[in-house]
Amino acid sequence: MITVQAAGPETALITVSGRVMLGPESQRIESEVNSLLESGARKIIFDLSGVTHIDSTGIGRFIAALNAVMRAGGKLAIAGAAGQVREGFRLTRLDTVFAFYDTAEAAQAAL
């Protein structure tokens, strides 16, 4: 499940829960980011505290989102990733590419 809300000027919070894997639900990650960028958002925070599993396709969705945000001159942060989800980013060495924070509030303060 994916929900989107404003988190401040030019800032949006995308809360993701459940499994982020191959399938139509994870495709929404990219489309939501593109919509937010078109509407003027430049700071995107993903709250992954409710995500239980992620596969390579799911991680690829976040890579595509990061690329889109960077092309638009924005910033992207990931909050609340833990356990298998955080390990998936670590194993692919993407934990050095993405900015990770314990909470969405900490991510917002850093952006």
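Reading the values: the criteria
Residues numbered from 1 in each chain as written. Predicted model: local features only at pLDDT ≥ 70, side-chain atom pairs only at ≥ 80, totals over all residues. Heavy atoms only, no water. Helix = DSSP H or I, 4+ residues; strand = E, 2+ residues; numbered from the N terminus. Rg over C-alpha atoms; globule rule 2.2 N^0.38 Å. Buried < 20%, exposed > 50% of the residue type's maximum accessible area, 1.4 Å probe, protein only. Axes fitted to C-alpha atoms, helices over the stretch in contact; angles between N-to-C directions. Parallel < 35°, antiparallel > 145°, perpendicular 65-115°, else oblique. Contact = heavy atoms within 4.5 Å. Nonpolar A, V, L, I, M, F, W, Y, C, P; charged D, E, K, R; others polar. Lys, Arg positive; Asp, Glu negative; His and termini not counted. Salt bridge = Lys/Arg side-chain N within 4 Å of Asp/Glu carboxyl O. Polar contact = N/O pair within 3.5 Å; in protein donor to acceptor, adjacent residues only side chain to side chain.

Trainee: Just to check I follow, could you spell out the overall build of the protein chain for this structure?
Mentor: Helix and strand content of the protein chain: 4 helices and 5 strands. Mapped from its N terminus to its C terminus, the protein chain presents α and β elements in the order β-β-α-β-α-β-α-β-α. What you see for the protein chain is a C-alpha radius of gyration of 12 Å, in line with the 13 Å of a compact globule of 111 residues. Dimensions along the principal axes, computed over C-alpha positions, put the protein chain at roughly 30 × 30 × 25 Å. Counting over 111 residues, the protein chain shows a buried share of 41%.

Trainee: How should I be thinking about the packing of helix H1 (residues 24-38) against helix H2 (residues 56-71) in this particular structure?
Mentor: It is the contact of H1 with H2, at a shortest axis distance of 9 Å, that shows an interaxial angle of 10°. It follows from the interaxial angle that H1 and H2 lie roughly parallel. Along the contact surface, H1 presents Ser-26, Gln-27, Ile-29, Glu-30, Val-33, Asn-34 and Leu-37, while H2 presents Arg-61, Phe-62, Ala-64, Ala-65, Ala-68 and Val-69. Of the residues in the contact of H1 with H2, the class split is 8 nonpolar, 3 polar and 2 charged.

Trainee: How should I be thinking about the side chain of Asp-47 in this particular structure?
Mentor: When you line up the elements, Asp-47 lands in strand E3 (residues 43-54). The buried charged residue Asp-47 lacks any salt bridge partner; its closest oppositely charged side chain belongs to Arg-86, at an N-O distance of 12 Å. Within the local environment of Asp-47, its side chain forms a polar contact with the side chain of Ser-49, the two groups lying 2.7 Å apart. If we ignore the near neighbours within four places in the chain, the residues touching Asp-47 are Leu-13, Ile-14, Thr-15, Val-16, Ala-79 and Ala-104.

Trainee: Would you explain the pattern of salt bridges in this entry?
Mentor: Two side chains that carry opposite charge are able to pair once their charged atoms sit near each other. Throughout the structure, instances matching the rule amount to 4 salt bridges. Notably, a salt bridge pairs Arg-28 with Glu-25, separated by 3.6 Å at the nearest N-O pair. Note that Arg-28 and Glu-25 are positioned in helix H1 at a spacing of 3 residues, about one turn of the helix. The partly exposed category is assigned to Arg-28, whose relative accessible area is 29%. By relative accessible area, Glu-25 is classed as partly exposed at 34%. The salt bridge involving Glu-30 is made with Arg-61; its shortest N-O contact spans 2.9 Å. Of this pair, Glu-30 sits in helix H1 while Arg-61 sits in helix H2, and the two are 31 residues apart along the sequence. The exposure class assigned to Arg-61 is buried, which follows from its relative accessible area of 14%. Bridged by salt links that share partners, the residues Glu-25, Arg-28 and Glu-32 form one connected network.

Trainee: Hey, could you run me through unusual backbone geometry in this one?
Mentor: When glycine is set aside, most residues are seen to have a negative phi, and most peptide bonds are trans. The residue Glu-10 is not glycine, and still its phi comes out positive at about 60°. Locating Glu-10 in the fold gives a position in the loop between strand E1 (2-8) and strand E2 (11-20). Glu-10 sits in the partly exposed class, given a relative accessible area of 49%. Although it is not a glycine, Arg-93 adopts a positive phi angle of roughly 65°.

In short, the description is geometric, and any link to function would need to be established separately.
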